[in-house]
Amino acid sequence: NPLARARYLLAAHNYKQLPPDGGFEVAFAGRSNAGKSSALNALCQQNALARVSKTPGRTQQLVYFDVTPTGTPETEGRYLVDLPGYGYAKVPQDLQAHWQAFLDGYFGSRLALRGLVVVMDIRHPLKDYDRQMLGYAVNRGLPAHALLTKADKLGRGQQAQQLQAVRRELSSAFGDTVSVQTFSGESKQGVDEARAVVGSWLGL
Ligand code: GDP
């Protein structure tokens, strides 16, 4: 598992702080509490990897995890990028505007960005912000992959129903550039499938 070598690299508050834009990266988005940290930890087989991105008050930053194979030039790094969880009610308005501009710039011009993973609670999928994030990727011509996580909370039949419903909605809203699967950071269901998608986008 090439993602198992993931190491915290940096937290960026603005565009200038990002690593050189010459490599490959995959961004992870999701509503707060959806299960994004648990998903990153499961993909990377580490228990506390994504904890740093959860520190309260540090929500407006991009957290980079380095999965670069040894011997790769520094300017061609491979990264997982943990975007701030959205849906916090109490983010001040000027910070929200800063974040929106940062995100617009990031999705609009970051060449290294190869794909977006959107983590959604299987019981509450496709909220407004989820659709907005998917729209950013699709408008840029990037592939996106949706993880319907906490699948362990539902029985197999309900999982299949939700998967089918979300798949139908995604295809009518975004065409065939967004794929979707069930997932659980708890039971590790779907981890191999998700890892294969992310690994292929990173060229690993
Ligand atoms: P984040 O805010 O999106 O990073 O969410 P976390 O990964 O911190 O998870 C939020 C809460 O949901 C925590 O209490 C986790 O233990 C729980 N959780 C996350 N993933 C799963 C999962 O796959 N199954 C279950 N049952 N609980 C999960």
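This text follows the structure it describes.
Just so you know, these numbers come straight off a predicted model, no measurement behind them.

A. Representation of the sheet that holds strand β2 (residues 24-30) within the structure. The seven strands are arranged β1-β3-β4-β2-β5-β6-β7 in an open sheet whose pairing can be described as mixed. Looking at the sheet topology across the chains shown, the edges are occupied by β1 (7-12) and β7 (178-182). On average, each strand axis in the sheet is inclined to that of its neighbour by 25 degrees, with strand direction left out of account. Relative to strand β6 (residues 144-149), strand β5 (residues 113-121) runs parallel, the two sharing six bridges. Paired with Leu116 across the strands is Ala144, a residue of β6. Packed on one face of the sheet, helix α2 (residues 93-109) meets β1, β2, β3 (62-66), β4 (78-82) and β5 and runs near 40 degrees to β3.

B. Region of interest: the pairing of β2. Counting buried positions over the seven residues of β2 gives six, a clear majority of the element. In terms of strand pairing, β2 meets β4 through five bridges, oriented parallel. Among the inter-strand pairings, Phe24 is bridged to a residue of β4, identified as Arg78.

C. Molecular detail of unusual backbone geometry. Even without being glycine, Asn33 reaches a positive phi, approximately 80 degrees. Among the structural elements, Asn33 can be located in the loop between β2 and α1 (36-43). Using a relative accessible area of 64% as the deciding quantity, one classes Asn33 as exposed. In the Ramachandran plot, Leu126 falls in the positive-phi region, its phi being about 55 degrees despite a non-glycine side chain. Tracing the sequence through the fold places Leu126 in the loop between β5 and α3 (128-139).

D. Region of the structure containing α3. Across its twelve residues, α3 extends 16 Å between first and last C-alpha, which sits within 8% of the 16 Å expected from 1.5 Å per residue. Taken as a whole, α3 has its buried residues at Asp130, Met133, Leu134, Gly135, Tyr136 and Ala137. Phi turns positive, to about 80 degrees, at Gly141, one or two residues after α3.

Cut-offs and rules
- Residues numbered from 1 in each chain as written.
- Predicted model: local features only at pLDDT ≥ 70, side-chain atom pairs only at ≥ 80, totals over all residues.
- Heavy atoms only, no water.
- Pairing = 2+ DSSP bridges.
- Helix = DSSP H or I, 4+ residues; strand = E, 2+ residues; numbered from the N terminus.
- Axes fitted to C-alpha atoms, helices over the stretch in contact; angles between N-to-C directions.
- Contact = heavy atoms within 4.5 Å.
- Buried < 20%, exposed > 50% of the residue type's maximum accessible area, 1.4 Å probe, protein only.
- Expected span 1.5 Å × (residues − 1).

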